[in-house]
Amino acid sequence: MLAKFALRNIRRNQRRSLVALGTIAVGVFGLLFLQGFFSGLIALHKENSIHSRFGHGQIMTKGYWGQAFEKPWEHWLKDPEAIMQYLRQQPHVQAVFPRVQFFALLSNGRMNVAGRGQGVVGAEEKNFFNKMNFIEGGAIGGQRDGMVLGVGLARALGVKVGDNLTVMGQTIDGTINAIDARVTGIFQVGMKEADDTLFQVQLSEAQILLNTQSVESITIGLDDEAHWESLSQGLGSTFPDYEALSIYVLDQVWAENGQLFLTALLNIFRLVFLGMIMLAIYNSASNTVLERKRELGMLRANGESPQDLIQLLVLEGLYLALAGATLGIIMTLVVHILSGHGIPMPPTPGTNRLLPVRLHLESSSIAMALLLGVLTSTAATFLSTLQVLRLSIVQAIRAAA
Amino acid sequence: MLYVGQQLSFAYGRDHKDQVLNSVDVEITRGEGICLTGPSGSGKSTLLHLLGLIEAPQDGQLLFLGKPVHLMKEDELNDLRRFHIGFVFQDFQLIDVLSVEENVEFFLTRQQIPKTLRKERVEQALQDLGLWEHRFKRPHELSGGQKQRVAVARALAKHPLVVVADEPTASLDSKTGRQLMENLKAIQEQRGVTLILASHDPMVLEFGLREIRLRDGRLNPPNKGTRYVG
């Protein structure tokens, strides 16, 4: 009966109930939409980063990452074949890619521009690194002298697909060397630093340029990022001289710092939305208590304790909160469906490409938004009904209608 | 003895300066019909509130079923009101989102009475007051007289020891008021329920209730209200 009574009371002042319902719904929509949007943004950049540059992680000699060496090749992988063989036998490993990295001057015959080169096995990388976003041409593939470069670098050199470039660098012995390359593609991965400096040639060509057969690192592509941890642990125990660096280390700017920044921002927005719900519901529930003072007095006279009345009013608030929060979730799901291909966003700091962000909604984030909305709203109702504790029965039943 | 009040006093306002009840003695036995009378401000409503256990005397002692009210805890008072006292208010105070039947049933559910027994009691109360055919209506669909009869049915269904009614006929026309009083008197006589009314309405005194007359917060005459009228 108490539940029925509470439910019917919601319909008593329909306009106020609708406003309260709308406030909770908008608040929960805001919470969930922002969480989904920020999650989507992080997931998008991470996915982009994995499939355009870093893979799910890379194997390097222990202590090599993040350090500067006079002769870095002395710290490159001693036995890359053994590691690659081990990795290929592991479950969930889709592909392994040996790579070298070097600095070089690119010359078009008229001018030289400095760049950061990568020697890659073009034919094998083509399928996994499918988010390089070629705006002209395509991947190196199996072309021996093929080269791809970032849009900023290509613009600086004034080259297009099919043009020839000379890559000038230093061998590991310190002598000047050069290779010829033909542009097969110009990419725009979206990260300005990469698009302005990065280029790729075949690994074999890079090794000729550097005059070495060594490999600096091995990039790993998994079928699912979730398996990185177990792979990393297994590798560490099998090859103690090497370390496996995850995407969170390799792409710290987005995968870690970006996530921390967006989480902090999300928490600020959460406080704003929850504060909004709290104040609006407190005000609404306070008016309800004021309006129904005589009825509450009558209930008290008939033996209901203040706690009983609070229970009744909080139950009403809980129904509203559940309905409002559910509506907010439905609104978010509708927006999610309507924005099927993502919400077009201007480039984020450090990027130079418009990326459509798809809302990333997980059941845990939906449950969290529901819980936060319901708890905040119910807490606001509870706080506003505490005045019932001070209610004098006689004053209440005599209150003006 | 159901109530024994000795030297009951009560004052409103800051520092309790507005004395509304002053050293009133009152005794009420079970099954009695009582009418508190007196001009406005005489203290009859306050005495009614004390007897309804919704207000405690500031001075003097009130015993209910032999137990001093001022020594009772809040929970005990709530239970006494929940199980033993039924209220009828001047302005009916029905719950407008519940039907007639649900209004009557509401406090029975709060008494944790099993559903079958609850339904029996509701039907009995509504039949007694001629409201059975209106049981599905909401309060706004009823006349003033019907609303007040629902309020009486609600109080009665609790099977209380006492029904406390504050100006029950004040919002009704004389014919409806008389019918209501007939209902109340019948309930008092047939069920042995103690009936305590506060009223300005001289018609009420035609129903053989013991009058406790108050003036300026004192009994008038000062006699524990033993004078019978009607």
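Cut-offs applied
- Residues numbered from 1 in each chain as written.
- Chains lettered and ligands numbered in written order.
- Predicted model: local features only at pLDDT ≥ 70, side-chain atom pairs only at ≥ 80, totals over all residues.
- Helix = DSSP H or I, 4+ residues; strand = E, 2+ residues; numbered from the N terminus.
- Rg over C-alpha atoms; globule rule 2.2 N^0.38 Å.
- Buried ≥ 20, exposed ≤ 12 C-beta atoms within 10 Å, placed from the backbone.
- Contact = placed C-beta atoms within 7 Å.
- Pairing = 2+ DSSP bridges.
- Nonpolar A, V, L, I, M, F, W, Y, C, P; charged D, E, K, R; others polar.
- Axes fitted to C-alpha atoms, helices over the stretch in contact; angles between N-to-C directions.
- Parallel < 35°, antiparallel > 145°, perpendicular 65-115°, else oblique.
- Left-handed = near helix turned anticlockwise from the far one by under 90°.

J.: Teacher, can you tell me more about the overall build of chain B here?
T.: Regarding its fold elements, chain B presents six helices and 10 strands. Relative to the compact-globule value of 17 Å for 230 residues, chain B shows a C-alpha radius of gyration of 17 Å, a close match. Structurally, chain B occupies a C-alpha span of about 45 × 40 × 35 Å along its principal axes. Taken across its 230 residues, chain B has 44% of its residues classed as buried. The long-range share in chain B, meaning contacts at least 24 apart out of those at least 6 apart in sequence, stands at 69%.

J.: I'm lost on the pairing of strand β3 (residues 112-120) of chain A in this one. Help?
T.: Each regular strand carries side chains that alternate between the two faces of the sheet. Residue and element names in this part refer to chain A. Two elements, strand β2 (residues 93-107) and β3, share eight bridges in a ladder whose sense is antiparallel. Residue pairing for β3: Ser 107 is matched across the bridge by Asn 112. Where β3 and strand β8 (residues 198-202) come together, five bridges link them in parallel fashion. Along β8, the bridge assignment pairs Gln 118 with Gln 200.

J.: Would you mind going over the interface of chain B and chain A with me for this structure?
T.: It is common to give the size of an interface as the accessible area that goes away when the parts come together. Of the residues lining the interface, 20 residues belong to chain B; the matching set on chain A comes to 16 residues. At the level of elements, α2 (74-84) and α3 (100-110) of chain B are the ones that each hand at least two residues to the side of chain B that touches chain A. Considering only residue class, the side of chain B that touches chain A consists of eight nonpolar, five polar and seven charged.

J.: Just to check I follow, could you spell out the environment of Asp 201 of chain B for this structure?
T.: By secondary structure assignment, the location of Asp 201 of chain B is in the loop between β8 (194-198) and β9 (210-215). Along the chain, Asp 201 of chain B and Glu 167 of chain B lie 34 residues apart, while their C-alpha atoms are 7.9 Å from each other.

J.: In this structure, what is going on with unusual backbone geometry? I would like to understand it.
T.: Note: most peptide bonds trans; most residues except glycine with negative phi. Residues and elements named next belong to chain B. The backbone of Gln 93 shows a phi angle near 55°, a positive value even though the residue is not glycine. Residue position: Gln 93 is located in the loop between β6 (85-88) and α3. Of note in this structure, Asp 216 is not a glycine but carries a positive phi near 50°. Assignment of secondary structure puts Asp 216 in the loop between β9 and β10 (218-219).

J.: Which parts of the structure should I look at to understand the packing of helix α12 (residues 306-338) of chain A against helix α13 (residues 363-385) of chain A?
T.: The axes of two packed helices give the description: the angle between them and the distance between them. All names here are of chain A. Viewed as axis vectors pointing N to C, α12 and α13 meet at an angle of 150°, and their least axial separation amounts to 8 Å. Taken together, the axes of α12 and α13 lie roughly antiparallel to each other. As α12 runs across α13, the sense of the crossing is right-handed. Here Ile 310, Leu 313, Val 314, Gly 317, Leu 318, Leu 320, Ala 321, Leu 322, Gly 324, Ala 325, Gly 328 and Ile 329 of α12 lie close against α13, whose contacting residues are Ile 366, Ala 369, Leu 370, Gly 373, Val 374, Ser 377, Thr 378, Thr 381, Phe 382 and Thr 385. Looking at the contact of α12 with α13 residue by residue, the classes come out as 14 nonpolar, eight polar and no charged.

J.: Just checking my understanding: could you explain the environment of Ile 54 of chain B for this structure?
T.: Relative to the assigned elements, Ile 54 of chain B resides in the loop between α1 (44-51) and β4 (59-64). Among the residues examined, Ile 54 of chain B registers 22 C-beta atoms within 10 Å and is labelled buried. Put simply, Ile 54 of chain B and Asn 78 of chain B are 24 residues apart on the chain and 8.9 Å apart in space, counted from C-alpha to C-alpha. Once you skip the residues sitting within four places of it in the chain, Ile 54 of chain B turns out to touch Ala 301, Ile 393 and Val 394 of chain A together with His 49 of chain B.

J.: Any chance you could explain the sheet that holds β10 of chain B here in plain terms?
T.: Residues and elements named next belong to chain B. The strand order β6-β7-β8-β3-β9-β10 describes an open sheet built from six strands, whose pairing is mixed. Edge positions in the sheet fall to β6 and β10, since each of these pairs with one other strand and no more. In the sheet, strand β7 (residues 162-166) pairs with β8 via five bridges, with the strands oriented parallel. Looking across to β8, one finds that Val 162 is bridged to Thr 194. The strands touched by α1 are β3 (33-37), β7, β8 and β9; relative to β8, the strand with the most contacts, the crossing angle is about 150°.

J.: How should the pairing of strand β1 (residues 57-61) of chain A be read in this particular structure?
T.: Residue and element names in this part refer to chain A. For β1, the tally of buried residues reaches four of five residues, placing the bulk of the element in the interior. Here β1 runs beside strand β10 (residues 242-246); their pairing, made up of five bridges, is antiparallel. Bridge pairing in β10 places Gln 58 opposite Leu 245. In this sheet, strand β9 (residues 217-222) lies alongside β1 in antiparallel orientation, the contact comprising three bridges. By the bridge assignment for β9, Gln 58 is matched with Thr 219.

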